[in-house]
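# Analysis of the macromolecular model
Letter by letter, the chains look like this.
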Amino acid sequence: MKIAFLVTMLFAGITMATAQVEKQDDRLENNLDKIEQEPQQPSQITVERTSRIEAKRLQDEKKAEKRAKKIARIQARDKAKQPPVQ
């Protein structure tokens, strides 16, 4: 009798623990769905836009620096190939 009672309590405890975990998962999913459905705040849109513009500007600057270094190397190489003027 005691063993049957303990087994029943064990299964009841496992069932309750599983139900609580599922309830928390459902709550988390509902919260994430609500967040995804909310429209973006204007400040967030502005921040994303400015960060995109800033990243593009930095990328363009890096490309310009590389291009300038490449041109300087080519000019230095050409200058070194020319015979000295006397």
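Judged by side-chain charge, Lys 69, Lys 70, Arg 73, Arg 77 and Lys 81 come together as a positively charged surface patch. Along the chain, Lys 81 turns up in helix H2 (residues 42-81).

What follows deals with the pattern of salt bridges. Here the structure, examined in full by the defined rule, presents three salt bridges. The salt bridge partner of Arg 57 is Glu 54, with a shortest N-O separation of 2.3 Å. Of this pair, Arg 57 and Glu 54 are both found in helix H2, three residues apart, which corresponds to roughly one turn of the helix. Classification of Arg 57 as partly exposed rests on a relative accessible area of 36%. Of the residues examined, Glu 54 reaches a relative accessible area of 36% and is grouped as partly exposed. Residue Asp 60 pairs with Lys 56 through a salt bridge whose shortest N-O separation is 3.6 Å. Of this pair, Asp 60 and Lys 56 both sit in helix H2, four residues apart, roughly one helical turn.

Rules and cut-offs
- The numbers attached to residues start from 1 for each chain and follow its sequence in the written order.
- Totals for whole chains, interfaces and linings use all residues, but because this is a predicted model, local features are given only for residues with pLDDT of at least 70 and pairs of side-chain atoms are given and counted only at 80 or more.
- Based on all heavy atoms of the structure, the side-chain values leave hydrogens and waters out of the count.
- A residue counts toward a patch only above 30% relative accessible area and without a salt bridge, and it is joined to like-charged neighbours within 9 Å or, for Val, Leu, Ile, Met, Phe, Trp and Tyr, to nonpolar neighbours within 5 Å.
- Only the protein chains shown count as covering a residue, and every accessible area follows the Shrake-Rupley method with a 1.4 Å probe.
- Here a salt bridge means any side-chain nitrogen of Lys or Arg lying within 4 Å of a carboxyl oxygen belonging to Asp or Glu.
- His is not counted, nor are the chain ends, whereas Lys and Arg count as positive and Asp and Glu as negative.
- One atom stands in for each charge, and that atom is NZ of Lys, CZ of Arg, CG of Asp or CD of Glu.
- Put simply, DSSP marks the helices as runs of H or I at least four residues long and the strands as runs of E at least two long, and each gets a number from the N terminus on.
- Exposure categories follow from relative accessible area, calculated using a 1.4 Å probe and restricted to protein chains: below 20% of the type maximum is buried, above 50% is exposed, and the middle band is partly exposed.

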